[in-house]
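Next come the chains, spelled out residue by residue.
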Amino acid sequence: MDQALRYYLSLAVPTSHKAIEIGLRQALQPVGKKYGLTKLQSAYVMALSKGDMTLTELSEYLAFNKSNTTRAVSYLIAHGFVSKNEKDVCRGFTVSLTAKGRQTVAEVDAVFNTFMDRCIADIPDDRVRICLDVMEQVCINVDPSNREVFASIKALIDLPTQETEPTRRRYPRPTYHD
């Protein structure tokens, strides 16, 4: 790679990431305020839109520690976003969204979809696919275990994937940065 392109890449990647992160946060802020949810509490609600989970599964899915998950889920139960479902007699249980939680997810999804449409406006689908393929390969180059994450994401939405090793996780594990 020539020096000018490398320099442009070193500036463009963090700038793009920051612009998307800030834009999405601003777009989602009214929904969080409407329901009285923090960014982290919203992440738990959105994760549960994938289905019922135990606290351990939820912690692993979001890559958050279990004590934070316990506190967040207690708050979400107390405020009617989540319900606790007894799993068996071994003190195990799952949590799932209530009607209020599902409504929150629907509103977040609508805001997110509008934001993503704005991000890729006037970009043909074939160029978006190329961009996504490049981002996937960059993530895999940085950490080969990301191949499993991308395979899990593609499996959730029925996209073709490269051959991968069998996945042990039930859900893809996103990375969050503050």
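All of the points below concern the structure found in this document. Owing to the predicted nature of the structure, the values given are computational and were not obtained by experimental measurement.

## Concerning helix α6 (residues 125-142)
Helix length check: α6, at 18 residues, gives a terminal C-alpha distance of 26 Å against a target of 26 Å (1.5 Å per residue), a fit within 8%. When we look at burial in α6, the residues that qualify are Val128, Glu136 and Ile140. Here the buried residues of α6 occupy an arc of 110 degrees about the axis, which is enough to place them on one side. The outward face of α6, more than 90 degrees from its buried face, is lined by the exposed residues Arg127, Ile130, Asn141 and Val142. In this structure, the buried residues of α6 make contact with α7 (146-156).

## What to know about the pairing of strand β2 (residues 93-97)
Residues in a regular strand project their side chains so that they alternate between the two faces of the sheet. Within β2, five of the five residues are buried, which leaves the element mostly enclosed by the surrounding structure. Two elements, strand β1 (residues 82-86) and β2, share five bridges in a ladder whose sense is antiparallel. Within β2, the residue paired with Ser83 across the bridge is Ser96.

## A short note on the packing of aromatic side chains
The geometry of an aromatic ring pair is captured by the separation of the ring centres together with the interplanar angle, meaning the angle of the planes. For the coordinates displayed, the defined rule picks out two aromatic pairs. Between the aromatic rings of Tyr35 and Phe81, the centroid separation amounts to 6.1 Å while the plane-to-plane angle is 75 degrees, which identifies the pairing as edge-to-face. With Tyr35 in helix α1 (residues 3-35) and Phe81 in the loop between α4 (66-78) and β1, this pair connects stretches of sequence that are 46 residues apart. In terms of burial, Tyr35 and Phe81 fall into one category: buried. Across the ring face of Phe93, the terminal group of Lys84 is positioned such that the distance to the ring centre comes to 4.3 Å.

Cut-offs and rules
- Residue positions within a chain follow its written sequence, with the count starting from 1.
- Predicted model: local features are reported for residues with pLDDT of at least 70 only, side-chain atom pairs are reported and counted for 80 or more only, and whole-chain, interface and lining totals are derived from all residues.
- To get the side-chain values, all heavy atoms of the structure are used, and hydrogens and water are removed first.
- Counting from the N terminus, the helices are DSSP H or I runs at least four residues long and the strands are E runs at least two residues long.
- Residue count minus one, scaled by 1.5 Å, sets the expected span of a helix.
- Think of it in three bands: residues with accessible area under 20% of the maximum for their type are buried, residues over 50% are exposed, and the middle band is partly exposed, with areas taken using a 1.4 Å probe on protein chains only.
- The directions considered for the arc are those from the helix axis to the C-beta atoms.
- The contact rule is simple, with two residues in contact once any of their heavy atoms fall within 4.5 Å.
- Should DSSP find at least two bridges between two strands, the strands are taken to pair.
- To pair, rings of Phe, Tyr and Trp, with the six-membered ring standing in for Trp, must have centres within 6.5 Å; the planes then decide the type, stacked if under 30 degrees apart, edge-to-face if over 60, and tilted in the middle.
- Charge-over-ring placement is defined geometrically: NZ (Lys) or CZ (Arg) within 6 Å of the ring centre, and within 35 degrees of the ring normal.

Any functional reading would require information beyond the geometric quantities listed.
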